[in-house]
Structure formats: C-alpha cells, structure tokens
Amino acid sequence: MEAWIEFGRGPLFRLSFALMVLGLARILMLTLVGVAEALGRAADRRVACKEVLGKTLVWLFPIRRLWTKRPFYGTLSFLFHLGLLVTPLFLAAHILLVRDAIGLSWPALPRPAANWLTILTAAAALALFVGRAAHAGSRALSRLQDYVWPPLLAVPFLTGYFCANLALPPAAYQWSMFLHIYAGCLIMVLIPFTKIAHCVLLPLSQLVTTVSWKFAQGAGDRVAATLGWEDRPTWVPNARLNAPPERRPMVRKREVTTL
Amino acid sequence: MPLNDAQIARARAITKKPEVVERQRLPVRYHVEDLEVRDRPRRFLEAFAAILKHTNYGLALDHYVRVSAKCARCSTHCQVYLASGDPEDIPCHRSELLLSVYRRHFTVSGILRGRLLGDPGLTDEQIQQMADSFYNCTACRRCSLECPMGLDHGLITHLGRYILSEIGIAPRALVVSTREQLLGASGNTSAIPIAALLDNLEFMSEEIASIKNVEVRFPVDVEGAEYLFFAPVSDYLMEADTLMGIGALFHATGDSWTIGTGYFDAINYGLFYNDQILEHVLHKIRREAERLKTRKILIGECGHASRSAKYFYPAYCGGPDALPVLNILEYAHDAWKAGRLKLRNDIVTETVTYHDPCNIARPGWIVDQPRELLKAFCPNFVEMTPNGRENICCGGGGGTVSIDEIRPFRTSIAGVVKAEQIRATGAKYCVAPCANCKKQLRELMQDQQVDCEVVGLHDLLFKALDLEGR
Ligand code: SF4
C-alpha cells in the first residue's frame, strides 16, 4: 500500500497533471484557432468587444446573476465552485508538497477555514447531485457524466478531510490516502475530455458565440454547390422532383462573388 | 404558469390530413411542400457536412459539445417551456438534438464510439423530432442570457432549421413568400405589384391630408436621397397608420428619403430558415441602394428585418464599408433629441406600454430610444416586466407568426406568458414596433381575451405629432 501511495503521489500525479495541462492547452488552442479561422472567413470582422467582455465577466463572477433564478441551486453551485478552486490550491499540506518538489510556496488557508471549506464543498457536491436528480427538467437533460461528476469530485475532499482530521487506524488512513490521491489523478485526466473543460473554455464562450454569428459571404451558395443544387435554389425544395420550366435563373453566382 | 393538459393537447394538435403526414413522414403542425422522403438521414448528414465545410457553425458546435453542463438553468427563461412544462421544450434539450448528431457523426470520439457500440447513427425519427422542436422555438434568444456556459440556443435553432431546409423541410408559408420575393414577378413577399404600391402611397397622402391638413408626400425613386426606406412589405397592406406616421415624421424633419420601386421589402425570412436566402435577399437591398445611390439604409418597424440588415448586411455586402443600416426608431429618436419634432402630450392620454421585439432588443441595440420617445408624448406610460434586453418574446418569433396553421400553438403555449404580462399592465395600447409582433400580439390578445390594442410606435407618434407651421 505504501508503495502504491508513493507511486500515486509521484509519477502518477505528474503524469495526470501533465495530461490535464496538455489536454486543456490543446482545446484552448483549437478554440482560439477556430475563432481566428472563423473571423478569417467573415467579411465583417468587427466584434463588439465591450459587450463580449461584459457578458463573459457576468458569468465568470456570477455574483449578480446567479441569485435571480433558482437561487438555492445557484448558491450551492457557487459555493461548490468556490470550494473546488480554493481548497486544493490553498491547503497547507498541498503547498508543502509543492514546496518540497519545486521550491515554490504561497500562503495557506488557516486550518479551521480549510476544514470548513472542505466539508462545505463535499456537502454542496452531494446536494447538487440530489438537486439534479430531484428536478424533472434537469433529469431530462442529464447524461451519465452529469451524475458522476459531483460525487467523484467529493471523493478527494472527504478522504482528505478524514486523513487530516480523524485519528484513523493506519490501514484506514492508508486507504483514505490512496483514494484521495487516485481520485485526484483520475479527475485531472478526465477534465479535458468532459464538461469540466469549461474551467478553461468558459472565458471564451461569449466570444465563440459572437464570432459564430459572423457569417461568411457566399457560404450559402457554396453549400448549395457542394450539394449539387447550384441551379436548384433550396427555397424550391421540390425542384429536384419537378422543376417548373419557366423559372428564371436565380442571382448569378458572379454577382455575389465579385462584390 | 403551465397550461393544463387539455390546453396543451389543443395547442399541439396536428390539423393536417393524416395521409399528408403519412406521405411526408413528418408529424409536424406546419405545412411542408411535398418533398423527397427517401434516405433522409444520409441527405441530412450530407447537408450538415456541406454547411460545416463552408460556414462558421463548427466553431460553436465544437465549443458547445465540450462545455454544455446540462444545468437546466435555461428552463427558467424560455416562455415555451414555462407554459408547456414539457422537458422537451427546455432550450438545452432542444439543442442537444442537434449537438448529439454533431457529436456522433462529426467528432472523432463520437465516430469511434459509434463504431465500437454498433450504433447506426442518425435516424429518420430524430430528424422528425428536430423538425418539430426547432419550430417550437421562437428563436428569441432569451435563454442565451441565462446560460452560465454561454450557449446560444437560438444559434442552434437557426442552424438546425438551415440544415432541415436543405433537405426540403421548411414551413410552406415561409418558402412560398421567399420564392415570390426572389423569383416571382413582384419581387416581394406579399406579392404587391408596383402599381398597387404607388396607389397605396397616394391613398396615405390623402389620408394624412384629411387628418392633419398638411400635404405629406411619400417620395419614390429619388436618386441620391439620404435614406432608402424599406418597410416590412406587409405594412403596405395592413399597417397604414404606421407608414403614415413615418411619412409625417419625415415631413417634420425635412430629411431626404425615398422608397425604391425596384425593391421595397424589408422582410427577410432567410433569417428564419436558410442562410443562402438571407444573403440573396440582402443583395436585393444592396442592388436597390446602388441603383438609387443612397447613403443609408433605413428599415421600418420590423424586428427581424432590422436585425438581418443591421447584422448581416455588412457580413454579405461589403464588410465594414457597407452602407450603414438604421432602424426607424433610431431615426425618430435622434430627430426628437435634436429638437426637430414638436410633440403634443395631451393627445395620447391612455395607458401605453411597450413590447420589445426580441430581434432589436436582445442585442441591446434598441431599448431606450423608443421609451424616451414614448415618454415624451404619452403621460401614462407603464412598463411590463421583464422588459428591455430581458423581454419575453411575443410568441410568434422566428417566423412562426407567418405560419397560420400553428396559431393555436402560438397563442397558447408560445404566447401565454406574454399575454399575462400585458394583461398585468392594464394598458390600453401596447406599442410593438415590429410587423411580426403586431400580428402575433393581435391574435394573442384575441385568443387570450386581453383588452388591449396593439399598435406601432409611429401610429401613436402620428397622433401626437404637431405639423402645424410646417
Ligand atoms: S430561443 Fe427563446 S423560444 Fe427558443 S429555446 Fe430559447 S428562450 Fe425558448
């Protein structure tokens, strides 16, 4: 067991961490490239930056918006996210590990605060799970990953709390630590491939939406041409079946492309 | 305020002949022209692929399949879901119909998983479901305000309808109108011949003369005029009061404007179901603007027409160098601000409320202007809540208002929230500066028995405008 824990803390942790960082960097890059490509295709490249930034900030720091509808669920979700971000990063034990490994360190949360935050996060995770299962609308939408994530995220919090605060017998302590580390690694590996990717993609959402509304000139004609409908305008859907002979040709392609 | 089961059943009933539904294999409420039904999934995927290849939708789809969190928060904001209470009407659920097709057929992991699990992929049933669902959405984009992940379900509805139209699935009401507009002899969606237009302008001049005692003319084909005016063409048939208000407005400001007989229709149903049409209709506007050497394009009281011109004219007709596009409310507001309008505030004394058309209010483009203007001459102005950018759709958005056979749906499931909102204001007049909203709201007021008259902003402006001494 000792060896498993050492392995998890060492090579496995580094591998998972690297996978997470690379995976997230990949989708971040892909998105940015996608935005650039889309703008490249569009003739009108003006983006209302202030508007996009404003909407982005509203949801990055949802302090005003979140309470307006479903306030209970919103509050829970907010606390949950807060706990997820703050606790692991500012936990004294984690900072010590980092310091031993690479020499960096930063201020830690005081112990009681860390404990409360841990409990709160785990409790919020479970409440979110229940909230999802109990709300008919959410149930209709939920996929497997939506149910799995909150409890999975709660595992390292609970086990971490046990290890740090309870006088556990050695075997139980080791099991807890094992779960703590391996669940953490699993989470990191899964992040880029699941909805948790929003941890890096969220700041780009509004930009992506805005840019996607920037339509490319002549795209509709090219789509029709690709589909072999060039002279069969799609607003005459039965043209393929029985083209009326007297139809005037639609706007000639040249007129559009030479603009 | 979910409706009861009987009301929902009535709203959702398909009134088409069963054999048509059977033949077209399309259990939807709206009529569709006869279409090829064989091999639909394959053709849908081909169209999807072609669209992805040439457009920018792939960016949004990639992003949305990655981040969508399925939190159901959007359900609190969709007037359709609020009324029906049916999980299928949750915006995120609707979008998932298309996102799942994208994930399955256009992402590596989806294709691999499909192979491994032996999943045959897109089915005809899924297409039927999309054909129904994307026209239950009014594309009002209210839900986009409330998505923490930044998904715009209106964009997905827009794309879904585009793909469907490429395999022949689009409401006949819209298709027939655009066909007349792009290929027909009249060249506009209401098939109004030029002679009738001229007659109509003449008639309105006479009306104004008899009411206001001034000679107001509607200039036609004036080369080099500053503003080239496009009304939603149905206004010439149904909203004479609005147009008379606009005529009087220009009379008061004295600016040069004109209506072009080469093309005078602002309506652009392409926005509702097909990007190719969206583009071609805008080119008609461009050609007319070039012919008359105008400097600005002015769109009348119409939400979707204004949005398609404002946001897509630059996209299709010259990028940043394209002619500027204005909505008539902006123009009227500017004129009033500059002190060029004399308005009497003792004429429209009834309670007046304002309905924001989604297409101009949602982006925050036209929200304050009409309010400031109305408050200047309506002493009894009241707001409905919510309003402005957060407004609730009239229930006929996304082109659904033109589909007469779905009126029971529009005036119950899609519109009941709006009806109650208007009822709560107790207003005598509801100002709705949009041809589509006007038609829908009138039907809604009737079917939901709300005692409120729906008018355009310029209808009231006309009453209050003091033209003496001009
Ligand atoms: S765009 Fe409007 S009608 Fe469509 S799902 Fe969103 S809120 Fe509902």
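The notes below deal with the structure included here. (Residues numbered from 1 in each chain as written. Chains lettered and ligands numbered in written order. Predicted model: local features only at pLDDT ≥ 70, side-chain atom pairs only at ≥ 80, totals over all residues. Heavy atoms only, no water.)

**Quick word on the side chain of Arg40 of chain B**
Residue and element names in this part refer to chain B. Counted only if it meets this: We count a stretch as a helix when DSSP gives it H or I for four or more residues in a row; a strand needs E for two or more, and each element gets its number in order from the N terminus. For each residue, the accessible area found with a 1.4 Å probe, counting protein chains only, is set against the maximum for its type, and the residue is called buried under 20%, exposed over 50%, and partly exposed in between. For the purposes of these results, a polar contact is taken to be a pair of N or O atoms within 3.5 Å, where, inside protein, one atom must be able to donate a hydrogen and its partner to accept one; residues adjacent in sequence count only when each atom of the pair is a side-chain atom. We call two residues in contact whenever any of their non-hydrogen atoms come within 4.5 Å of each other.
Considering the arrangement of structural elements, one finds Arg40 in helix α3 (residues 40-54). For Arg40, a relative accessible area of 0% gives the class buried. A distance of 3.2 Å separates a polar atom in the side chain of Arg40 from the backbone oxygen of Gln24. With residues near it in sequence (within four places) discarded, Arg40 still touches Gln24, Arg25, Leu26, Leu35, Asp124, Ile127, Gln128, Ile167 and Ile169.

**A closer look at the pairing of strand β3 (residues 296-299) of chain B**
Residue and element names in this part refer to chain B. We apply this condition: When DSSP finds two or more bridges between two strands, those strands count as paired. Here, the term right-handed applies to a crossover whose path from the first strand over the helix to the second runs clockwise when the strands point away from the viewer.
Sheet topology note: the strand β1 (residues 227-230)/β3 ladder contains four bridges and is parallel. In the strand pairing of β3, Phe229 is matched with Leu298. In this sheet, strand β4 (residues 325-327) lies alongside β3 in parallel orientation, the contact comprising three bridges. Within β4, the position partnered with Leu298 by the bridge is Leu326. Read from β3 through helix α16 (residues 303-316) to β4, the crossover connection turns out right-handed.

**What about empty space enclosed by the protein?**
Residues and elements named next belong to chain B. We apply this condition: A pocket, in this scheme, is an open set of points on a 1 Å grid over the protein atoms alone with protein on both sides within 12 Å along at least 5 of 7 lines, while a cavity is a set where a 1.4 Å probe fits but cannot get out; residues line either one if an atom lies within 4 Å of a point. Grid points are joined across faces, edges and corners, and a volume is the space filled by probe spheres set on the points.
Under the defined criterion, the tally for this structure stands at five cavities of 30 Å³ or more. Computed from the structure, the largest cavity encloses a volume of approximately 230 Å³. For the largest cavity, the lining is made up of 27 residues, of which Thr138, Ala139, Asn359, Gly397 and Gly398 are closest to its centre. Sorting the residues of the lining of the largest cavity by element identifies α9 (153-166), α14 (270-273), α16, α18 (358-361) and α22 (435-447) as the ones contributing at least two each.

**Examining a negative patch on the surface**
Rule in force here: Patches in this entry comprise residues that are over 30% relatively accessible and not in a salt bridge; like charges within 9 Å are linked, as are nonpolar side chains (Val, Leu, Ile, Met, Phe, Trp, Tyr) within 5 Å. The method behind every accessible area is Shrake-Rupley, applied with a 1.4 Å probe, and residues are considered shielded solely by the protein chains displayed. Every case where a carboxyl oxygen of Asp or Glu lies within 4 Å of a side-chain nitrogen of Lys or Arg is listed as a salt bridge. We score Asp and Glu as negative and Lys and Arg as positive, and we do not count His or the chain ends. Taken as the charge location is NZ of Lys, CZ of Arg, CG of Asp or CD of Glu.
Side chains of Asp199, Glu202, Glu206 and Glu215 of chain B sit close together on the surface and give a patch of like negative charge. Judged by its relative accessible area of 56%, Asp199 of chain B is exposed.

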